[in-house]
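Spelled out from the first residue to the last, the chains are:
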Amino acid sequence: MFKFFIKTCFLVVFVSTSAQQRNDSIPSDSIVYKTNYGLRLGIDISKPIRSLLQDYNSGLEIVGDYRISKKWYAAAELGNEKFTSNEDFTNSTSKGSYIKIGLNYNSYNNWLDMNNEIFIGFRYGFATFEQTLNSYQINTSNPLLPAQINTTPSTENGLTAHWSELLVGFRAEIYTNIFISFSGSYKIMVSITDPVNFKTHYAPGFNRVYTSNTGFGFNYTISYLIPFRKK
Amino acid sequence: MKKYYLFLSLIALLISSCEKDDFCIEPITPNMIVRFYNATNISDTKAVNDLTINISNLDSIYTNVSLDSVVIPLDVTNNQIIYNFSSGSNLDILTIDYEIEEVFVSRSCGFKAIFNNVTITSDVSNDWIIGLTETLENTITIPTINDESAAHVQIFH
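As the structure is a computational prediction, the values presented were derived from the model and not from experiment.

(A) Structural view of the overall build of chain A. Along its length, chain A carries 2 helices and 13 strands. Taking all 231 residues of chain A together, the buried fraction comes to 28%.

(B) Focus on the overall build of chain B. Counting secondary structure elements, chain B contains 1 helix and 9 strands. Helices (α) and strands (β) of chain B occur, in sequence order from the N terminus, as α-β-β-β-β-β-β-β-β-β. For chain B, contacts bridging at least 24 residues in sequence account for 53% of all contacts bridging at least 6.

(C) The arrangement of the interface of chain B and chain A in detail. Listed as interface residues are 30 residues of chain B and, on the opposing side, 28 residues of chain A. Elements represented by at least two residues in the side of chain B that touches chain A include exactly helix H1 (2–16), strand S6 (90–106) and strand S7 (110–122) of chain B. In terms of residues, the side of chain B that touches chain A owes the most to one element, H1 of chain B, which gives 8 residues. Split by residue class, the side of chain B that touches chain A holds 14 nonpolar, 7 polar and 9 charged.

(D) Quick look at the pairing of strand S10 (residues 178–192) of chain A. Residue and element names in this part refer to chain A. Strand direction decides the pairing type here: strand S9 (residues 154–175) and S10, joined by 14 bridges, are antiparallel. The residue of S10 that forms the bridge with Ala161 is Ile192. The hairpin formed by S9 and S10 contains 2 residues between the paired strands, and Asn177 there has a positive phi angle of roughly 70°. The pairing of S10 with strand S13 (residues 214–230) spans 11 bridges and is antiparallel. Bridge pairing links Lys187 to Gly215 in S13.

(E) Expanded view of the confidence of the model for chain B. For chain B, the mean per-residue pLDDT works out to 85, and 86% of the residues sit at or above 70. Within chain B, H1 of chain B has the poorest average pLDDT of any element, 62, and S7 of chain B the best, 93.

(F) Representation of the sheet that holds strand S1 (residues 32–37) of chain B within the structure. All names here are of chain B. Spatial strand order, S4-S1-S9: 3 strands in an open sheet with mixed pairing. Looking at the sheet topology across the chains shown, the edges are occupied by strand S4 (69–72) and strand S9 (153–156). Each strand of the sheet is rotated relative to its neighbour by a mean of 25°, with strand direction disregarded. Across 4 bridges, S1 lies against S4 in antiparallel orientation.

(G) Here's a closer look at the sheet that holds strand S5 (residues 80–87) of chain B. All names here are of chain B. The antiparallel open sheet is built from 6 strands, whose spatial order is S3-S2-S5-S6-S7-S8. On the outer flanks of this sheet lie strand S3 (60–67) and strand S8 (139–145), each paired with one strand and no other. Adjacent strand axes in the sheet meet at a mean angle of 25°, parallel and antiparallel pairs treated alike. The pairing of strand S2 (residues 48–55) with S3 spans 4 bridges and is antiparallel. Each residue of the ladder has a partner; that of Val48, found in S3, is Leu67.

(H) Seen up close, the environment of Val105 of chain B. Residues and elements named next belong to chain B. By the secondary structure assignment, Val105 is in strand S6. Taking C-alpha positions, Val105 is 9.8 Å from Thr29, a pair spaced 76 residues apart along the chain. Residues in contact with Val105, not counting those within four places in the same chain, are Glu26, Ile28, Gly110, Phe111 and Lys112.

(I) Up close: unusual backbone geometry. The phi torsion at Asn207 of chain A lies on the positive side, around 75°, for a residue other than glycine. Inspection of the secondary structure assignment puts Asn207 of chain A in strand S12 (residues 207–208). Take Asn207 of chain A: there are 18 C-beta atoms within 10 Å of it, and that puts it in the partly exposed class. The phi dihedral of Leu136 of chain B is positive, around 60°, even though this residue is not glycine. Assessed through the 13 C-beta atoms surrounding it within 10 Å, Leu136 of chain B is described here as partly exposed.

(J) A look at the nonpolar core. Core analysis: the largest hydrophobic core is formed by 34 residues, its most contacted members being Leu74, Tyr83, Ile96 and Ile155 of chain B. Elements that contribute at least two residues to this core include exactly strand S7 (117–137) of chain A together with S1, S2, S4, S5, S6, S7 and S9 of chain B. Apart from the residues lying within four places of it in its own chain, the contact partners of Leu74 of chain B are Met32, Ile81, Ile96, Tyr98 and Phe115 of chain B. By size, the runner-up hydrophobic cluster in this structure holds 10 residues, among which are Phe129, Trp163, Tyr202 and Phe206 of chain A.

(K) Molecular detail of the environment of Lys231 of chain A. All names here are of chain A. Inspection of the secondary structure puts Lys231 in the segment after S13. By C-beta crowding, Lys231 is classed as exposed, having 11 other C-beta atoms within 10 Å. Here the alpha-carbon distance between Lys231 and Lys34, two residues 197 residues apart in the chain, equals 5.0 Å. Not counting residues within four places of it along the chain, the set of residues in contact with Lys231 comprises Lys34 and Tyr37.

(L) Fine view of the environment of Ala147 of chain A. Relative to the helices and strands, Ala147 of chain A resides in the loop between S7 and strand S8 (149–150). Taking the C-alpha atoms as reference points, Ala147 of chain A and Ser223 of chain A, separated by 76 residues in sequence, lie 50 Å from one another.

Cut-offs applied
- Residues numbered from 1 in each chain as written.
- Chains lettered and ligands numbered in written order.
- Predicted model: local features only at pLDDT ≥ 70, side-chain atom pairs only at ≥ 80, totals over all residues.
- Helix = DSSP H or I, 4+ residues; strand = E, 2+ residues; numbered from the N terminus.
- Buried ≥ 20, exposed ≤ 12 C-beta atoms within 10 Å, placed from the backbone.
- Contact = placed C-beta atoms within 7 Å.
- Nonpolar A, V, L, I, M, F, W, Y, C, P; charged D, E, K, R; others polar.
- Pairing = 2+ DSSP bridges.
- pLDDT = per-residue confidence, 0-100.
- Axes fitted to C-alpha atoms, helices over the stretch in contact; angles between N-to-C directions.
- Core = buried A, V, L, I, M, F, W, Y, C linked by C-beta atoms within 7 Å.

This is the structure in structure tokens:
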């Protein structure tokens, strides 16, 4: 606690009006609490947790941000994912890597030297991936002559996706320089390549591609701040 | 208040991401539509009495009905299907040969089949079916069956 006070600095501003008459000057002491600036690195722990569920295969996402001012952070995510979309008539697996780059704005006014955030952010996302149609059944709606399930897989490589993303989240410093964060995002596809005579059902980083070319995502991250300086 | 709105919008995002946004409403694999015409006056439709349609060893699609048009499925696992068309005790056999093209429709509908170079051949016995064309020939080829917007085949009897 003592160390805490040493580290803070005091700025006292005196206001004097005239040389002849001395007024009672009020020392308006504004204490500036410094917080750490630096590179924060972490991982998305929701992906390993979701891997335990049936609907998700595997994924790894490394998150990082760099504080550029009191309120603004430059942020990026880098990841790799494999996901199987099991639909009524098709089963397909998407596999690939993605990167997201953007900014976070912290709208939360911290107490003292606390370092928590309620942030909104914007990202540009890019993914390169492949999609394999594992199996499918022609949709005939006819019980008399049912279609067979075709299980010959076909893979289309070199698919890409570009999207923009808006996100909202919370971040809390649980120990010195260790943060946990939860955020949700809304994604709008800018451009995506579909396999020939098929459709991209899932793009890594974008998640499920909805009919309107939008998507949703959430992140639960744990990260460590490498402090460069205090400001 | 600001925090409150942020929290609400986050919850809204979570809820909306769980919605199923797709139900299969697009047309899927088309059936073949057959219309029955009067062989002596080829521009008039003519209902078939006691019409029974079935595929060998399978349940009947129509049994003892009186209709001037029928909808019959084609087999997407084969390039041929043989139908028994009977009117009362008169039986005619229709052999339908085709090529299958698989076309992706949507996430919820999956793939549909469309049928190209469809050749329909009626057996020569002419028990009740007299012809498949306006010149009353026993065979006809249709370039494609890709929707159900109109009749594909005319049967004159």
